[in-house]
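Chain and residue survey
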Amino acid sequence: MSVRVRFAPSPTGYLHVGGLRTALYNYLFAKHHNGKMILRIEDTDRTRFVENAQENLVKSLLWAGIDFDESPDKGGEFGPYVQSERFEMYKQSAQILVDNGNAYYAFDTSEEIDAMRQRQQAAGVAPRYDRTTMKSQYTLGDEATKQLIADGNAYVIRLKVPQDEVIRFKDIIRGEVVVNGKEIDDQILVKSDGFPTYHLANVVDDHHMQISHVIRGEEWLPSTPKHVILYKAFGWEHPEFAHLPLLLNDSKIKLSKRHGDVAVEDFITKGFFKEAFVNFIALLGWNPTGDQEIFSIDELIKSFNLEKVNKAGAVFDRRKLDWMNSQYLRSKPLNELANRILPLIKEKGYNVEIEYLEKVINLVKERITFAEEVPDFAYYMFEDIKEYEVDYFNKFWNENTEKLIKGLFDKYDKLDVFEHDALEVITKDYIAETNTKFGPLMNPVRLIVTGKSVGASLLDTMAILGKDKTFERFNYFISKYSGVYSL
RNA sequence: GGCCACAUCGUCUAACGGUUAGGACACCGCCCUUUCACGGCGGCGAUACGGGUUCGAAUCCCGUUGAGGCUACCA
């Protein structure tokens, strides 16, 4: 059997990281099995529809490297891939169920349903549609029902759940799940506005689109029995199910919009590499066995399998995500990094050659998490020093060091090749000659050249900055602070 | 409340029924070192609890507890 899976978001906002993980697992599963990945937009709730949401969803998915074989944009032989465009199909499907006795009409208002629920809760029973007392085809009879519809009364269509059956299905991740029909509510299939609910549309589409595996979040597990009933009512085989563990926040509750950023695009904006983000997300709830932490997308595809997906929810740990990003930052080609932040560099008003930018990135990349930090972290590589760190200045700048530093720069001045190795030889000779140490000598030099107390290798910093700039800073510093030993 | 599913270091996780319960993030220490990092080495730290099955249980079964999901004319 060929593998066909789908990612089926609602266009209600932005792509949630949990949604991305679901999409990713579907994608990895499809690619692993040489199957097809389908995007279907589930927009049956027009009250929650958000303009441009679909575009945003697709943009985030594409950013992560998840593309589709069939989608609203690409089309495909099972289209359309937007549920609102499949309206007729659901209508006909619902009619089939009414005709074959697996669904029925109901005319209750939402107030009446609310009242029913309150009665049930007060009585301590589970809220469920009460076929015996409510205004449905059950209590009204077929003739009266027909008449009410003919008269233009609003109605819904409900699934007639077999009360005396035990529903069983196999979940690839969780094993067999068993639910008693008595526990299942008569789910609304068609709303009074004529639109199908998720349950109907989902089952109809998955069947007609020949979906082989439904891989979705655990929040769908409780409604899966309803879906199984639906497939049976239609006389269809149901696809295989795999319910993914939830992504949790620090409080171990389902990651949601209410608690910090969960929109994928926020992470894009923050500067995460897609490879790092995908790598991190993939390992949240799945592990191929072993100690490997860094996986390329091809490695993920190669080793992915549903059986290894965990059952328990996984907390989304930003610190590990940061670490993951820094790992990728260190291993990425310099030209890629340089091109990535070039627009940002220009935006800051810095006019530098790409080669120079690459050198600077290489200089500081082990000290930062995001490539975008470079212009701030090492601003002194792009413009004049804005200020000297006061504590550092007061600690290291005095009459002795001034004399010492001047002597060192006299030696540096003789250098034609202003590079790391040459600088190192000169510096070491000078240390031996003056009987000082690297630290006390170079700390003030760092202050003079960068204004800061921390940073990358100082010799490399000076070499990249070049002799002219280095001396410009030295001369400026001396002209301003010679004899001034406290700020 | 009911239903469903879940439970290994703080977090992500590994472990044919036989391991000193392994790795990673975070944290701490040491080394490296001009600073800060990177890196290397080491430390801290877990099988929720109680019963069973078994020669032997993190692993299988039952119960308890805990935390979660669902309980919409939302998905």
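For the structure, see preceding data.
All values reported here derive from a predicted model rather than from experimental measurement. Throughout this description, residue numbers start from 1 for each chain and increase along the sequence as written. Each chain takes a letter, starting from A, and each ligand takes a number, starting from 1, following the order in which they are written. Thresholds applied to this predicted model are a pLDDT of at least 70 for local features of residues and 80 or more for the giving and counting of side-chain atom pairs; totals over whole chains, interfaces and linings are not thresholded and use all residues. Remark: hydrogens and water are excluded; side-chain values derive from all non-hydrogen atoms of the structure.

As for the nonpolar core
For our purposes a nonpolar core is just a set of buried Ala, Val, Leu, Ile, Met, Phe, Trp, Tyr and Cys residues, chained together by side-chain atoms within 4.5 Å. Only protein chains enter the accessibility calculation, which uses a 1.4 Å probe; a residue is then buried when its area is under 20% of its type maximum, exposed when over 50%, and partly exposed in between. Ile66, Phe277, Phe316, Met381, Phe382, Tyr412 and Met462 are the most contacted members of the largest nonpolar core, which totals 111 residues. Labels follow the DSSP assignment, with helices taken as runs of H or I lasting at least four residues and strands as runs of E lasting at least two, numbered in each case from the N terminus. Per element, the largest residue contribution to this core is 9 residues, and it comes from helix α1 (residues 17–32). Throughout, a contact is declared for two residues whenever any of their heavy atoms are within 4.5 Å. Excluding residues that lie within four positions of it along the chain, Phe382 makes contacts with Ile345, Tyr350, Val352, Tyr356, Leu357, Val360, Val374 and Pro375. Grouped together as the second largest cluster of nonpolar side chains are 35 residues, Phe78, Val190, Leu200 and Ile229 included.

Concerning the pairing of strand β3 (residues 103–106)
Along any regular strand the residues' side chains alternate between the sheet's two faces. Of the two faces of β3, the one carrying Ala103 and Tyr105 and the one carrying Tyr104 and Ala106 are both buried. When DSSP locates at least two bridges between a pair of strands, those strands are taken to pair. Note that β3 and strand β4 (residues 156–159) share 4 bridges and pair antiparallel. Bridge pairing links Tyr105 to Ile157 in β4.

Considering the environment of Asp468
Looking at where Asp468 falls in the secondary structure, it is placed in helix α21 (residues 467–481). Along the primary structure Asp468 and Asp413 are separated by 55 residues, whereas in three dimensions their C-alpha atoms are 9.9 Å apart.

Notes on the packing of aromatic side chains
Pairing of aromatic side chains here covers Phe, Tyr and the six-membered ring of Trp, requires ring centres within 6.5 Å, and sorts the geometry by plane angle: under 30 degrees stacked, over 60 edge-to-face, intermediate tilted. Evaluation of the coordinates by the stated rule reveals 33 aromatic pairs. Residues Tyr392 and Phe396 carry aromatic rings whose centres are separated by 5.1 Å and whose planes lie at 70° to one another, so their mutual orientation is edge-to-face. Residue Tyr392 and its partner Phe396 are located together in helix α16 (residues 390–396), separated by 4 residues, close to a single helical turn. We note that Tyr392, like Phe396, is buried. Centroid distance Phe471 to Phe474: 6.1 Å. Interplanar angle 75°. Geometry classified as edge-to-face. Highlighted residues: Phe471 and Phe474, both in helix α21, separated by 3 residues, approximately one helical turn. Phe474 shares its class with Phe471; the two are buried. Members of the aromatic cluster, each reached through a chain of ring pairs, are Trp63, Phe267, Phe272, Phe277, Phe280, Phe316 and Phe370. Working rule: Lys NZ or Arg CZ, within 6 Å of ring centre, within 35 degrees of ring normal, means a charge sits over the ring. For Arg21, the ring lying beneath its charged end belongs to Tyr25, and the centroid distance is 5.1 Å. In this arrangement the basic side chain of Lys270 is found over the ring face of Phe267, its NZ or CZ atom lying 5.7 Å from the centre.

Some remarks on the pattern of salt bridges
Basic side-chain nitrogens of Lys or Arg form a salt bridge, by our definition, when they fall within 4 Å of a carboxyl oxygen of Asp or Glu. Applying the stated criterion across every chain yields a total of 27 salt bridges. Note that Asp413 is salt-bridged to Lys467, the shortest N-O span being 3.9 Å. Taken as a pair, Asp413 in helix α17 (residues 399–413) and Lys467 in helix α21 lie far apart in primary sequence, 54 residues in all. Judged by its relative accessible area of 22%, Lys467 falls in the partly exposed class. Each of Arg6, Arg40, Glu42, Arg86, Asp205 and Asp206 takes part in one network of salt bridges that share partners.

Notes on helix α19 (residues 438–450)
With 13 residues, α19 ought to run about 18 Å at 1.5 Å a step, and its terminal C-alpha atoms sit 17 Å apart, in line with that. Residues of α19 that are buried: Leu441, Met442, Pro444, Val445, Arg446, Leu447, Ile448, Val449 and Thr450. Gly451, located one to two residues past α19, shows a positive phi value of around 80°. By this rule the span expected of a helix is its residue count minus one, scaled by 1.5 Å.

Regarding the protein's contact with RNA strand B
For each residue, the test is whether any non-hydrogen atom lies within 4 Å of the molecule or strand; if one does, the residue is near. The immediate surroundings of RNA strand B are formed by 62 residues, with Lys191, Gly285, Glu366, Arg367 and Gly455 found nearest. Here, RNA strand B places atoms within 4 Å of the protein, and 72% of those atoms are sugar or phosphate. Within 3.5 Å is the distance limit for a polar contact, defined as a pair of N or O atoms, with the added protein rule that one can donate a hydrogen and the other accept it, and that residues adjacent in sequence qualify only through two side-chain atoms. The side chain of Lys320 places a nitrogen or oxygen atom 3.0 Å from a base nitrogen of RNA strand B. Within the backbone of Glu366, an N or O atom sits 2.4 Å from a sugar or linking oxygen of RNA strand B. Looking at the surface near RNA strand B, the elements with two or more residues in it are β6 (175–180), β11 (314–315), α12 (318–331), α19 and α20 (458–465). For the surface near RNA strand B, the element with the most residues is α12, which contributes 5 residues. Of the residues belonging to the surface near RNA strand B, the class tally is 24 nonpolar, 15 polar and 23 charged. The classification used treats Ala, Val, Leu, Ile, Met, Phe, Trp, Tyr, Cys and Pro as nonpolar, Asp, Glu, Lys and Arg as charged, and all other residues, Gly among them, as polar.

As for the sheet that holds strand β7 (residues 188–190)
Taken in spatial order, the 3 strands of this open sheet run β3-β4-β7, and their pairing is antiparallel. The outermost strands of the open sheet, each flanked by one partner alone, are β3 and β7. Averaged over all adjacent pairs, the angle separating strand axes in this sheet is 45°, with direction ignored. Interaxial angle, 0 to 180 degrees, is taken between N-to-C directions of lines fitted to C-alpha atoms, where a helix line uses only the stretch in contact.

With respect to the side chain of Asp108
Position of Asp108 among the secondary structure elements: in the loop between β3 and α4 (110–122). By the counting scheme adopted, Arg and Lys are positive, Glu and Asp are negative, and His together with the chain ends is not counted. The buried charged residue Asp108 lacks any salt bridge, with Arg158 as its nearest oppositely charged partner at 5.0 Å. Only 2.6 Å separates the side chain of Asp108 from the side chain of Tyr129, close enough to count as a polar contact. A polar side-chain atom of Asp108 sits 2.7 Å from the main-chain amide nitrogen of Lys135. Not counting residues within four places of it along the chain, the set of residues in contact with Asp108 comprises Ile113, Tyr129, Met134 and Lys135.

Digging into unusual backbone geometry
Cis geometry marks the peptide bond from Gly79 to Pro80; its omega dihedral reads 0°. Along the chain, Pro80 falls in the loop between α2 (53–63) and α3 (87–99). Unusually for a residue other than glycine, Asn34 sits at a positive phi of about 55°. Secondary-structure assignment places Asn34 in the loop between α1 and β2 (36–39). Even without being a glycine, Asn52 presents a positive backbone phi close to 70°.

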